[in-house]
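# Survey of secondary and tertiary structure
What follows is the residue order along each chain.
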Amino acid sequence: MISTKDAFVVRGLGGKRSLSGIIKVNGSKNAVLPLLAASLVCKGSFTISNVPLIEDVFRMNELLSDLGVAVTTEKKRVYSYDSKNVRTTELDHEISKRFRASVILTGPLLGRFGKVSFPHPGGCVIGERPIDIFLYGYKKLGAEVSETGDEFLLTAPRGGLIGASIFLPLPSVTATEAFVLAALQAKGITTIKNAAVEPEVTSLVEFLISAGASIKGAGTSTLEIHGKKGLLNPRNIYKTIPDRLEAGGFLVLAALAAKDVTITNCEPEHLEIIIETLRRAGVPIEVGKSTLRIRSEGQLSFIGSGFKTHEYPGFPTDMQAPMTVFLTQAKGENLIFETIFEGRLAYTQDLVRMGADITMWDPHRVMVKGPRKLKGKVLDGPDIRAGLAFVIAAAVAKGQSVINNIYYIDRGYERVEERLKAIGLDISRVIVS
Ligand code: EPU
């Protein structure tokens, strides 16, 4: 495992546009994690390709192995999963608490085995992350919920979960995924209304359908799952969709510092709002089928616009931090409104230390005045996305930055420094043993 003490040292470009070359996007973290959880509702082995080699995937593999799932590395970024020898439905506390997506496993375990115990899941420090919607949905499906100390125990009725109509108070991404996976083994039909429509949810639903599930409404906010069809039977290798958040982060970096950078292996359709927001600001983006290219002769100047985070296809909360860095380099006074998570703007204080002009109005809103020159600093990566935003800020800044605590960056981005180095960024990993 990578040490939490590892750091990145970045020598900033001081505003120069010199990055050049090709940078490849890997498979999506938030798409692959529910796919791995889906191994628990599959008969026999199933194989997933384009798996990003990131810390959250390693933790999910550890959790699945601990449950008794056979996890096999077929080749680089290709894994097979076989759940025929699952021996427990108790999620290991220590591993589960390290990443919130562990909570997705509660759905397939409860649906297939009728019970699951788990701790309150951990994750990034981006505000309170309750699990009330999960508990509400499982109760709707007939489960009993009990809580002792730090542990939740869910128990299905004797004959298994019972199909129900679940209206989500918020279109929670992982709750939608967990309910779909639970409902596959429920008796009758389950309808999830106000379901999340993020591409990662749709990718899970499409995979399940390809493996024999009967689900209507893929890609819409109403999903109808016909349960009790037995375990699924995936026939083909399923390829993880490209990570739109990684592509978006690279696009912001390229917008600020590229001479000629092409981002490959991405899905531009999943990034429309980011592409449009940057284009409106004056960033020249050439969109191909699975590529994004930014070229510039000399300096560019940008006019920023504020934004409000929103569920897909609106502005993703996971792109809020990189876009805030962009706005520090754009002309104007722009308000950023983080509507999804409270506490996901705290990192802006570090950008202020770097020279940005950002005023916090309240935990959900900041005002960014730009453009401002940034200076390299020592920073502590607070969460996956703000961690990458610090790398972008450090790349733009003058002088050297040290970004500590890069375990957070490694949770979501595979060896990002190697890919950034290949396009000309002076970045290195300092390993602290
Ligand atoms: N919420 C509740 N109660 C619940 C569940 C969620 O109040 O029981 C609230 C959350 O606190 C939040 C809102 O609902 O205010 C939406 O959160 P959601 O449940 O959709 O988030 P999530 O499923 O925990 C996924 C991604 C996050 C991403 C969000 C929003 C995965 C593994 N994680 O989290 O990704 O920010 O959706 O799109 O898919 C990241 O990749 O860095 C990351 C944090």
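Scroll up to find the structure this text is about.
Calculation notes
- Residues numbered from 1 in each chain as written.
- Predicted model: local features only at pLDDT ≥ 70, side-chain atom pairs only at ≥ 80, totals over all residues.
- Heavy atoms only, no water.
- 1 Å grid on protein atoms, 1.4 Å probe; cavity = no way out; pocket = protein on both sides within 12 Å on 5 of 7 lines; lining within 4 Å.
- Points joined across faces, edges and corners; volume = space filled by probe spheres on them.
- Helix = DSSP H or I, 4+ residues; strand = E, 2+ residues; numbered from the N terminus.
- Nonpolar A, V, L, I, M, F, W, Y, C, P; charged D, E, K, R; others polar.
- Axes fitted to C-alpha atoms, helices over the stretch in contact; angles between N-to-C directions.
- Parallel < 35°, antiparallel > 145°, perpendicular 65-115°, else oblique.
- Left-handed = near helix turned anticlockwise from the far one by under 90°.
- Contact = heavy atoms within 4.5 Å.
- Near = heavy atom within 4 Å.
- Polar contact = N/O pair within 3.5 Å; in protein donor to acceptor, adjacent residues only side chain to side chain.
- Core = buried A, V, L, I, M, F, W, Y, C linked by side-chain atoms within 4.5 Å.
- Buried < 20%, exposed > 50% of the residue type's maximum accessible area, 1.4 Å probe, protein only.
- Phe/Tyr/Trp six-rings, centres within 6.5 Å; stacked < 30°, edge-to-face > 60°.
- Salt bridge = Lys/Arg side-chain N within 4 Å of Asp/Glu carboxyl O.
- Arc of directions from axis to C-beta.

Here we come to empty space enclosed by the protein. Inspection of the entire model under this criterion finds three cavities of 30 Å³ or more. Approximately 40 Å³ is the volume found for the largest cavity. As for the largest cavity, its lining consists of R244, L245, H270, L271, I273, I274, Y312, G314, P316 and M319. Where the lining of the largest cavity is concerned, the elements lending two or more residues are α8 (244–257) and α9 (272–281). When its residues are assigned to classes, the lining of the largest cavity shows seven nonpolar, two polar and one charged.

Let us look at the packing of α8 against α9. Between α8 and α9, the least distance of the axes is 11 Å, while the angle of their chain directions is 15°. When the axis of α8 is compared with that of α9, the two are roughly parallel. For α8 against α9, the interelement crossing comes out right-handed. Together, L251, V252 and A255 of α8 and I274, I275 and L278 of α9 make up the contact between the two elements. Here the contact of α8 with α9 is composed, by residue class, of six nonpolar, no polar and no charged.

Neighbouring the ligand are 23 residues, the closest being D132, S172, T174, I340 and R385. R100 is positioned such that a nitrogen or oxygen atom in its side chain is 3.0 Å from an oxygen atom of the ligand. I340 places a polar main-chain atom, nitrogen or oxygen, 2.6 Å from an oxygen atom of the ligand. Where the shell around the ligand is concerned, the elements lending two or more residues are α1 (29–38), α5 (132–140), α6 (173–183) and α12 (384–396). By residue number, the principal contributor to the shell around the ligand is α5, which donates three residues. For the shell around the ligand, a count of residues per class yields eleven nonpolar, four polar and eight charged.

Ranked by size, the top nonpolar core spans 71 residues in total, and within it I263, L278, F326, I403 and L420 carry the most contacts. Setting aside residues up to four positions removed in sequence, L420 forms contacts with I23, F250, L253, V391, L425 and I427. A38, V116, F152 and L161 belong to the second-largest nonpolar core, a separate cluster that totals 69 residues.

Moving on, we come to the packing of aromatic side chains. Enumeration over the complete set of coordinates arrives at ten aromatic pairs. Centroid distance Y79 to Y81: 6.3 Å. Interplanar angle 35°. Geometry classified as tilted. The exposure class of Y81 is buried, given its relative accessible area of 0%. Centre to centre, the rings of Y138 and F179 are 5.3 Å apart; their planes meet at 90°, and the pair counts as edge-to-face. Within this pair, whereas Y138 is found in helix α5, its partner F179 is found in helix α6, the two being separated by 41 residues in sequence. Of the two residues examined, Y138 and F179, each falls in the buried class. Ring pairing ties together the aromatic residues F46, Y79, Y81, F207 and Y238, which thus form one cluster.

A full pass over the atoms with the stated rule returns 23 salt bridges. Across the pair R11 and D426 runs a salt bridge whose closest N-O atoms are separated by 3.5 Å. Highlighted residues: R11 in strand β1 (residues 7–11) and D426 in strand β23 (residues 426–430), separated in sequence by 415 residues. Two residues, E224 and K216, come together in a salt bridge whose shortest N-O distance is 3.8 Å. Through salt bridges that share partners, D6, D410, R415, E417 and R429 make up one connected network.

Of all the residues in α9, the buried ones are I274, I275, T277, L278 and A281. Looking down the long axis of α9, one finds its buried residues gathered within 165° of arc, a one-sided arrangement. α9 presents E272 and R280 as exposed residues on the side facing more than 90 degrees away from its buried surface. In the core, the buried residues of α9 are packed alongside α8, β15 (285–287), β16 (292–295) and α10 (320–328). The positive-phi residue at the C-terminal boundary of α9 is G282, with phi of around 110°.

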